[in-house]
Amino acid sequence: MLAQAEGMCRTGSAELDLDQGLAVVSRGLGALIGRTLPVGGIAAWRLLRWVPSEERGYVASIWGAAIDDEPFEFQHRLMRVDGSRLEVLHRGMVETGPDGRRHGYLILQDITAQREAEHRIQELANQDEVTGLANRNQLLDRLDAAVHAASWDPRPITLLSIHIEQIDQLSQSMGYGAGDAMAMAVAARLSALGGAEHVVARVGGGEFAVLMGEGQGDQGTAGRELAQRVVQALSRPERLGFAEIVP
């Protein structure tokens, strides 16, 4: 029943003899790692070999600071035999038996799919689904941060607003596929101009924006130069099917 439950829940467990440094592991833990582990006791330190080297000290320190009868949990990664890595929720507890010997119990649960779903939700909340640019929410967050920074370190903020009417027109006349293709072409041109220090966003439909980053010297001059480059970049026609359309 334990093996079936661990298989369904993507979990693995182990019992530790902390005085002798031994561990008895379940089949579920071996399944997470991707190999069959010995049924009998193994050296407890060997479990750390499946934790990425940069996280082993973190895992060991939490177990070292554990207080008897107080469950704890944290997250870290687990390396599999095939080289892939899992995100796991690590639950543990330490207790001292009547004989004075200290035992530990741990359960590892694979939460990789959950983390990927959360990451995807975060992307959807902050990125335009069609172009991959920042969306209105992310732009407002970055703009709000820039305003707060300017409140204690006065500096100009340059925000370019760009409206491409052809995107909405194409969506109405040729379908959303044509409008999306045009939006992606515009996004590629703006991203090439913006650079990593700027925030290029699609606010919605044919509305785009560029929030200039810091370190641009004279913001007024730099803003005018960027605006000129935007106009030049968008003046070139874009071929969609058999038609050439100028943004």
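Summary of the structure given here. Values in this document were obtained by computation on a predicted structure and should not be read as measured data.

**Quick word on the overall build of the chain**
Part 1 of the argument: Within the chain one finds 8 helices and 11 strands.
Part 2 of the argument: At 28 Å, the chain has a C-alpha radius of gyration far larger than the 18 Å of a compact globule built from 247 residues.
Part 3 of the argument: Buried residues in the chain amount to 37% of all 247 residues.
Part 4 of the argument: Taking the intrachain contacts of the chain between residues at least 6 apart in sequence as the baseline, contacts between residues at least 24 apart amount to 50%.
Part 5 of the argument: For the chain, the separation between the mean place of its 23 positive charges and that of its 33 negative charges on side chains is 6 Å.

**Points about the packing of aromatic side chains**
Part 1 of the argument: Here the structure, examined in full by the defined rule, presents 3 aromatic pairs.
Part 2 of the argument: Seen from their ring centres, Phe72 and Phe74 are 6.4 Å apart, and the 15° between their planes marks the pair as stacked.
Part 3 of the argument: What links up through ring pairs into an aromatic cluster is the set Tyr58, Trp63, Phe72 and Phe74.
Part 4 of the argument: Looking at Arg49, its charged tip hangs above the ring of Trp50, at a distance of 5.3 Å from the centre.

**A word on the sheet that holds strand E7 (residues 159–163)**
Part 1 of the argument: Strands sit in the order E7-E9-E8 across an open sheet of 3 strands; the sheet is antiparallel. Lying at the two open borders of the sheet, with one neighbouring strand each, are E7 and strand E8 (199–204). Adjacent strand axes in the sheet meet at a mean angle of 20°, parallel and antiparallel pairs treated alike.
Part 2 of the argument: This element, helix H5 (residues 136–152), spans E7, E8 and strand E9 (207–211) of the sheet and lies at about 130° to E8.

**A closer look at the sheet that holds strand E2 (residues 22–25)**
Part 1 of the argument: Strands sit in the order E3-E2-E1-E6-E5-E4 across an open sheet of 6 strands; the sheet is antiparallel. Every other strand in the sheet has two partners, leaving strand E3 (42–43) and strand E4 (72–79) as the edge strands with one partner each.
Part 2 of the argument: With 8 bridges joining them, E4 and strand E5 (residues 85–96) adopt antiparallel strand pairing. Looking at the pairing, Phe74 lines up with His90 of E5.
Part 3 of the argument: Those strands touched by helix H3 (residues 53–64) are strand E1 (11–17), E4, E5 and strand E6 (102–110), and its axis lies near 155° from that of E4.

**Considerations on the side chain of Thr131**
Part 1 of the argument: One can find Thr131 in the loop between helix H4 (112–126) and H5.
Part 2 of the argument: With relative accessibility at 18%, the residue Thr131 sits in the buried group.
Part 3 of the argument: Excluding its chain neighbours within four sequence positions, the residues that come into contact with Thr131 are Ala183, Met184, Ala187 and Arg202.

**A look at the pairing of E6**
Part 1 of the argument: Here 7 bridges tie E1 to E6, and the two strands are oriented antiparallel to one another. The residue bridging Thr11 from the neighbouring strand is Gln109, located in E6.

**Remarks on unusual backbone geometry**
Part 1 of the argument: Of note in the backbone geometry, Arg10 takes a positive phi value of approximately 55° without being a glycine.
Part 2 of the argument: You can see Arg10 is positioned in the loop between helix H1 (2–9) and E1.
Part 3 of the argument: A positive phi angle is found at Asp69, which is not glycine, with a value near 65°.
Part 4 of the argument: Within the element layout of this structure, Asp69 appears in the loop between H3 and E4.
Part 5 of the argument: Asp69 gets classed as exposed once you look at its relative accessible area, which sits at 53%.

**Points about the nonpolar core**
Part 1 of the argument: With 23 residues, the main nonpolar core has Val25, Leu29, Leu47, Trp63, Leu78 and Leu106 as its most contacted residues.
Part 2 of the argument: Listed by contribution, the elements that provide at least two residues to this core are E1, E2, helix H2 (27–33), H3, E4, E5 and E6.
Part 3 of the argument: Once you skip the residues sitting within four places of it in the chain, Val25 turns out to touch Ser13, Ala14, Leu37, Pro38, Ile42 and Leu47.
Part 4 of the argument: Membership of the second largest hydrophobic core comes to 20 residues, among which are Met182, Val186, Ala222 and Leu234.

**Observations concerning the environment of Ala14**
Part 1 of the argument: Relative to the helices and strands, Ala14 is located in strand E1.
Part 2 of the argument: By relative accessible area, which is 7% here, Ala14 ends up buried.
Part 3 of the argument: For the pair Ala14 and Leu108, spaced 94 residues apart in sequence, the C-alpha separation works out to 8.8 Å.
Part 4 of the argument: Ignoring sequence-local partners within four residues, the contact set of Ala14 consists of Val24, Val25, Leu29, Leu47, Gly104, Tyr105 and Leu106.

Conventions used here
- Residues numbered from 1 in each chain as written.
- Predicted model: local features only at pLDDT ≥ 70, side-chain atom pairs only at ≥ 80, totals over all residues.
- Heavy atoms only, no water.
- Helix = DSSP H or I, 4+ residues; strand = E, 2+ residues; numbered from the N terminus.
- Rg over C-alpha atoms; globule rule 2.2 N^0.38 Å.
- Buried < 20%, exposed > 50% of the residue type's maximum accessible area, 1.4 Å probe, protein only.
- Contact = heavy atoms within 4.5 Å.
- Lys, Arg positive; Asp, Glu negative; His and termini not counted.
- Charge placed at Lys NZ, Arg CZ, Asp CG, Glu CD.
- Phe/Tyr/Trp six-rings, centres within 6.5 Å; stacked < 30°, edge-to-face > 60°.
- Lys NZ or Arg CZ within 6 Å of the ring centre and 35° of its normal.
- Pairing = 2+ DSSP bridges.
- Axes fitted to C-alpha atoms, helices over the stretch in contact; angles between N-to-C directions.
- Core = buried A, V, L, I, M, F, W, Y, C linked by side-chain atoms within 4.5 Å.

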